[in-house]
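Listed here are the chains, written in short residue letters.
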Amino acid sequence: MSDKQGMLRTKDIDDVVNQNREEPGAESHHVRLSKRLSAWDLMGFGIGIVIGTGIFTLTGIQAKNNAGPAIMISFLIAGVVSLLAALCYAELAAAVPTAGSSYTYAYTTIGEIFAWIIAWDLILEFALGAAVVSRGWSGYLQDVLDLPTRFFGEGSAVNLGAVGIALVLGVVAIRGIKESKWVTNTLVVVKVSVCLFVIAVGIFFVKAANLTPYVPPSRPVPQAERLSGLSQPLWQWVSGANPSAFGIAGVLVAAAVVFFAYSGFEAVANLGEESKDPAKDMPRGLLGTLAICTLLYVAVCFVLTGMVHYSKLSEGAPISDAFHQVGLGWAGILIGIAAIAGLTSVILVDLVAMGRIGFALCRDGLLPAKIGEVHPRWRTPFRMTGLTTVAVAVLAGFVPLDKLAEMVSIGTLFAFFVVSLAVAILRRTKPQMERPFRVPQVPLLPIVSAVLCLALMSSLALETWLRFVVWLVIGMAIYLFYGRSHSKLNHRAARFSRTTAGTRTP
């Protein structure tokens, strides 16, 4: 433990590494996770959470309204920002393979209070992401099977489809990591196969005329369409500038929005403690996930904007509608199935990740230990996963979450920001730490990563920032009234103080 006291105390990184290497004793079977995942399994989880809502909806919306055919560049920019963060995650995940990912990294570098904030932020990101995607899953299912909208539509009083899928996948997540990986890998194969189908078939309908001009000329956004008040991006509120669509500015705005499509890949880092060989598997799983997803995103964007002029793209179901416009309506059914499979895997990985974050918090004493207990047979944090599943089901069933979707992005970017700083800090404070994977050009590359994350965060709406602050205030209250005093580091510091005081007594 560090000598620092109070809310800035840090967890010794050697303690974190050793807690994962120690053999379980007679009474420790409740605090260990089993190592069952390979690099391919980690990539399966990563692709399972990344390829979902972004590729099936954001492509059409942003190409039509902001970037045109240059939506490919927008996805590349977002991919580069994610790649820089992934390099930082890879170094820390290989060196410190533990449940909790960026929460634990912050705990070992910048202090307990910041670690709690990150964990609280990640819970928001994954819970809200799972709820949003559950409602999207219900909508796609309604469309494919023509189910009653009063139970499966966005305007329903209780979205039974969203509640049902959240509860079913929660059971899968509780049942075991092996079962979760089988389901996830199967769904990944389905949706990647359909994405490849879209590329392979759609390429024959690409027309050069649809791709010109590649970057449409910039134009001012009409007054009636401009966002104002709390709905405007932070940068616009600060600068007072008039927003524009298309051109370079439009490409950058689209990049900030489509970043949502990459959110969640850091869930792979939460599985470090369950990796068979984290020194090799974690970098391969993280970087492999991003490489595959970025290639698929860019290729699909090329085919989509090449098949149909960007001004005629559908904002609701752009890919399936593009095939309808070129006379291949039958392909829409396959794409709908892929969307359902894709969104299913996103929800499952979100639920698995939340369980691991909660497990790490309980192990460190910041939440009650009983909640994070690991099931002796299934070897999963079953209570924490069950509680978060119920919370997700309630949100998905009763709360329209369209306005809150941006909070997934702000939570992700904030976590990326902290992890990037943690790499630079640890290089200075722990230069001798074993690092199986090393980020090149430190501290330059982590600093660039942190700055780019802040830049994208500035493109999010003021109301998103306000909701984010409210959530953090709630988290701070929980920490101050429970976590601070129950923290294992606090107990250890208290014992140390009593021992020291005893030795000084004559």
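Presented here is a report on the structure given in the accompanying data block.

Rules of the game
Residues numbered from 1 in each chain as written. Predicted model: local features only at pLDDT ≥ 70, side-chain atom pairs only at ≥ 80, totals over all residues. Heavy atoms only, no water. Helix = DSSP H or I, 4+ residues; strand = E, 2+ residues; numbered from the N terminus. Buried < 20%, exposed > 50% of the residue type's maximum accessible area, 1.4 Å probe, protein only. Contact = heavy atoms within 4.5 Å. Phe/Tyr/Trp six-rings, centres within 6.5 Å; stacked < 30°, edge-to-face > 60°. Salt bridge = Lys/Arg side-chain N within 4 Å of Asp/Glu carboxyl O. 1 Å grid on protein atoms, 1.4 Å probe; cavity = no way out; pocket = protein on both sides within 12 Å on 5 of 7 lines; lining within 4 Å. Points joined across faces, edges and corners; volume = space filled by probe spheres on them. Axes fitted to C-alpha atoms, helices over the stretch in contact; angles between N-to-C directions. Left-handed = near helix turned anticlockwise from the far one by under 90°. Nonpolar A, V, L, I, M, F, W, Y, C, P; charged D, E, K, R; others polar. Polar contact = N/O pair within 3.5 Å; in protein donor to acceptor, adjacent residues only side chain to side chain. Disulfide = S-S within 2.5 Å. Expected span 1.5 Å × (residues − 1). Arc of directions from axis to C-beta. Parallel < 35°, antiparallel > 145°, perpendicular 65-115°, else oblique.

### Digging into the overall build of the protein
A count of helices and strands for the protein gives 19 helices and two strands. Per-residue burial for the protein yields a buried fraction of 57% across its 506 residues. Considering only residue pairs separated by 6 or more positions, the protein has 83% of its internal contacts joining residues 24 or more positions apart.

### What about the packing of aromatic side chains?
All told, the structure shown has 12 aromatic pairs when counted by the stated rule. Measuring from centroid to centroid gives 5.0 Å for Phe75 and Tyr297, while their planes differ by 40°, and the two rings are tilted. In this pair, Phe75 sits in helix H4 (residues 71-95) while Tyr297 sits in helix H12 (residues 278-307), placing the two residues 222 residues apart along the sequence. Accessibility assignment for this pair places Phe75 and Tyr297 in one class, buried.

### Some remarks on unusual backbone geometry
Here the residue pair Thr212 and Pro213 is connected by a cis peptide bond, since its omega of -5° sits within 30 degrees of zero. Position of Pro213 relative to the elements: it lies in the loop between helix H9 (177-202) and strand S1 (219-220). For the bond from Val442 to Pro443, the omega torsion is 10°, close enough to zero to count as cis. Along the chain, Pro443 turns up in the loop between helix H16 (406-429) and helix H17 (444-457). Within the chain, Arg379 stands out as a residue other than glycine whose phi angle is a positive 55°. Looking at the element boundaries, Arg379 is found in the loop between helix H14 (331-363) and helix H15 (382-398). Phi at Gln441 takes a positive value of approximately 55°, unusual for a residue other than glycine.

### Brief notes about the pattern of salt bridges
Here the idea is simple: oppositely charged side chains can pair when their charged atoms come close. The final tally for this structure, using the stated rule, is seven salt bridges. Note that Glu112 is salt-bridged to Arg9, the shortest N-O span being 2.8 Å. In this pair, Glu112 is assigned in helix H6 (residues 112-145) and Arg9 in the segment before helix H1 (13-21), connecting sequence segments 103 residues apart. Pair check on accessibility: Glu112 and Arg9 agree, each one buried. In this structure, Arg467 engages Glu463 in a salt bridge whose closest nitrogen and oxygen atoms are separated by 3.8 Å. Of the two residues, Arg467 and Glu463 are both situated in helix H18 (residues 462-486); the distance of four residues between them amounts to about one turn of the helix. Classification of Arg467 as partly exposed rests on a relative accessible area of 29%. Using a relative accessible area of 18% as the deciding quantity, one classes Glu463 as buried. Three or more residues joined by partner-sharing salt bridges are found here, namely Glu91, Arg427 and Arg435.

### Topic: empty space enclosed by the protein
Here the structure, examined in full by the defined rule, presents two cavities of 30 Å³ or more. Taken as a whole, the second largest cavity spans an internal volume of roughly 40 Å³. Lining the second largest cavity, in full, are Phe56, Val194, Cys195, Val198, Val300, Ile319 and Ala338. Top element by residues in the lining of the second largest cavity is H9. It accounts for three residues.

### What about the packing of helix H2 (residues 39-50) against H14?
Running from N to C, H2 and H14 point in directions that differ by 115°, and their axes come no closer than 7 Å. Crossing angle aside, the handedness with which H2 passes H14 is left-handed. Packed against H2, whose contacting residues are Phe45, Gly48 and Ile49, the element H14 presents Gly342, Ser345, Val346, Val349 and Asp350 at the interface. Residue composition of the contact of H2 with H14, by class: four nonpolar, three polar and one charged.

### Brief notes about the side chain of Thr305
Along the chain, Thr305 falls in helix H12. Accessibility expressed as a relative area gives 0% for Thr305, which makes it buried. A distance of 2.8 Å separates a polar atom in the side chain of Thr305 from the backbone oxygen of Cys301. Thr305 has contacts with Ala63, Gly68, Pro69, Ile71, Asn210, Leu211 and Leu313, leaving out every residue within four places of it along the chain.

### Considerations on the state of the cysteines
Here a disulfide denotes a covalent bond joining the sulfur atom of one cysteine to the sulfur atom of another. A full pass over the atoms with the stated rule returns zero disulfides. Looking at Cys195, it has no disulfide partner, and the nearest cysteine sulfur is the one in Cys293, 9.1 Å off.

### What to know about H17
The first and last C-alpha atoms of H17 sit 20 Å apart over 14 residues, in line with the 20 Å expected at 1.5 Å per residue. Along H17, the residues that are buried comprise Leu445, Pro446, Ser449, Ala450, Cys453, Leu456 and Met457. Down the axis, H17 shows its buried residues gathered within 140° of arc, on one side only. Against H4, helix H11 (247-258), H16 and H18 lie the buried residues of H17.

### Details of the packing of H16 against H17
Two measures define how a pair of helices packs: the angle their axes make with one another and the distance between the axes. The contact between H16 and H17 brings their axes to 8 Å, and the two run at 160°. Considering the angle they form, H16 stands roughly antiparallel to H17. For the crossing formed where H16 meets H17, the hand is left-handed. Of the residues in H17, those touching H16 at Ile410, Leu413, Phe414, Phe416, Phe417, Ser420, Leu421, Val423 and Ala424 are Pro446, Ser449, Ala450, Cys453, Leu454, Leu456 and Met457. For the contact of H16 with H17, a count of residues per class yields 14 nonpolar, two polar and no charged.

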